[in-house]
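Read off the chains here:
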Amino acid sequence: ALVVQGAWLVNQTAQYRAAYRVVGLDQPYRTLLPLVLASTFLNVVAPSAGISGLAVFLDDARKRGVSTARVTLAGVLYIVFDYIAFSIVLTLGLLALFRRNDLHASELVASGILFGVALVLISIVDGTADPGIEEDSRRGSHRRTLPSRSHSLAFGHSRTSRGGLLDGEDRT
């Protein structure tokens, strides 16, 4: 069991490293592994859908002078992909229960809530639920008040016209 737990933590570290690299940060395994251990502990002690462990990464980013906006986006990307993977497993489980004629309404409702949370997180990262788009009720048109940075960082489009910095970031 100890070997499986160790392999799981190393895999989690690799997933965080991949999320960091997507947002333009390159942190080595030896830096991320202690953060993953602390984050996992915090997620167990204070469960909040994986969000509480993000505080560990943000605290480390502040100490190292790394962009907290990018670290936040990397953490959200990790959580989104975690939800996607779990949704696949959950779907297979629901199909198995359906085939055995043992699927109840409570299981469907709980699964629906989980799928809804996953879709909200995905839409936020994808930029489709961007709070920067507001409707002008007089003209019925939409205007963008804030540029969507998360979509461009997460999905590889051009970053910004200011040299790749997110709003509120400085070059230090």
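Residues numbered from 1 in each chain as written. Predicted model: local features only at pLDDT ≥ 70, side-chain atom pairs only at ≥ 80, totals over all residues. Heavy atoms only, no water.

Trainee: I'm lost on the overall build of the protein chain in this one. Help?
Mentor: The number of helices and strands found in the protein chain is six helices and two strands. Helices (α) and strands (β) of the protein chain occur, in sequence order from the N terminus, as α-α-α-α-α-β-β-α. Expressed as a percentage of its 172 residues, the buried residues of the protein chain come to 34%. The long-range fraction of contacts in the protein chain, counting pairs at least 24 apart against all pairs at least 6 apart in sequence, stands at 50%. Carbon together with sulfur atoms contributes 62% to the accessible area of the protein chain, which is approximately 11000 Å² in total. (Helix = DSSP H or I, 4+ residues; strand = E, 2+ residues; numbered from the N terminus. Buried < 20%, exposed > 50% of the residue type's maximum accessible area, 1.4 Å probe, protein only. Contact = heavy atoms within 4.5 Å. Areas by Shrake-Rupley, 256 points an atom, 1.4 Å probe, with all protein chains shown as cover.)

Trainee: It is not clear to me how the packing of helix α3 (residues 54–64) against helix α4 (residues 68–99) should be interpreted in this structure. Could you clarify?
Mentor: The angle between the axes and the distance between the axes are what describe a pair of packed helices. In contact at an axis separation of 9 Å, α3 and α4 are set at 155° when each is read in the N-to-C sense. Accordingly, the angle class assigned to the pair α3 and α4 is roughly antiparallel. In the crossing of α3 with α4, the sense of the turn from one axis to the other is right-handed. In this structure, α3 uses L54, F57, L58, A61 and R62 to contact α4, whose residues at the interface are T68, V71, T72 and G75. (Axes fitted to C-alpha atoms, helices over the stretch in contact; angles between N-to-C directions. Parallel < 35°, antiparallel > 145°, perpendicular 65-115°, else oblique. Left-handed = near helix turned anticlockwise from the far one by under 90°.)

Trainee: Please clarify how the packing of aromatic side chains should be interpreted in this entry.
Mentor: Aromatic ring pairs are described here by two measures, namely the spacing of the ring centres and the angle between the planes. Summed over the entire model, instances satisfying the criterion amount to three aromatic pairs. Between Y16 and F57, the aromatic rings sit 4.4 Å apart at their centres with planes inclined by 25°, giving stacked as the arrangement. Remark: F57 occurs in helix α3 and Y16 occurs in helix α1 (residues 2–22); sequence separation between them is 41 residues. Using a relative accessible area of 3% as the deciding quantity, one classes Y16 as buried. Both rings, one in Y16 and one in Y78, keep their centres 4.0 Å apart while their planes meet at 15°; by these two values the pair is stacked. Placement of Y16 in helix α1 and of Y78 in helix α4 is noted, with a sequence separation of 62 residues between them. Put simply, the rings of Y16, Y20, F57 and Y78 pair up and form one aromatic cluster. (Phe/Tyr/Trp six-rings, centres within 6.5 Å; stacked < 30°, edge-to-face > 60°.)

Trainee: How should I be thinking about unusual backbone geometry in this particular structure?
Mentor: Phi is mostly negative for residues that are not glycine, and the peptide bonds are mostly trans. The phi angle at N101 is positive, at roughly 60°, despite the residue not being glycine. Here N101 lies in the loop between α4 and α5 (105–126).

Trainee: Looking at this structure, how should I read the side chain of R70?
Mentor: Checked against the element boundaries, R70 lands in helix α4. Since its relative accessible area comes to 8%, R70 is described here as buried. Within the structure, the side chain of R70 is placed 2.8 Å from the backbone oxygen of V23, a separation counted as a polar contact. (Polar contact = N/O pair within 3.5 Å; in protein donor to acceptor, adjacent residues only side chain to side chain.)

Trainee: I would appreciate a short explanation of the pattern of salt bridges in the present structure.
Mentor: Working definition: two side chains of opposite charge can pair if their charged atoms are close together. Scanning all chains against the criterion turns up three salt bridges. As a salt-bridge pair, R17 and D26 come within 3.3 Å of each other at their nearest N and O atoms. Among the ionic pairs, D60 bridges to R64, the shortest N-O distance being 3.0 Å. Of this pair, D60 and R64 are both found in helix α3, four residues apart, which corresponds to roughly one turn of the helix. Residue classification places D60 among the buried positions, given a relative accessible area of 15%. (Salt bridge = Lys/Arg side-chain N within 4 Å of Asp/Glu carboxyl O.)

Trainee: Looking at this model, I keep getting lost on helix α2 (residues 29–45). Mind explaining?
Mentor: Each α-helix turn comprises 3.6 residues. Residues three or four places apart therefore point the same way. In a regular helix each residue adds 1.5 Å, so 17 residues correspond to 24 Å; α2 covers 24 Å between its end C-alpha atoms and thus fits that length. If you check which residues of α2 are buried, you get T31, L32, L35, V36, S39 and T40. Down the axis, α2 shows its buried residues gathered within 150° of arc, on one side only. When the buried face of α2 is taken as reference, the exposed residues oriented beyond 90 degrees from it are R30, F41, V44 and V45. Contact partners of the buried residues in α2: α1 and α3. (Expected span 1.5 Å × (residues − 1). Arc of directions from axis to C-beta.)

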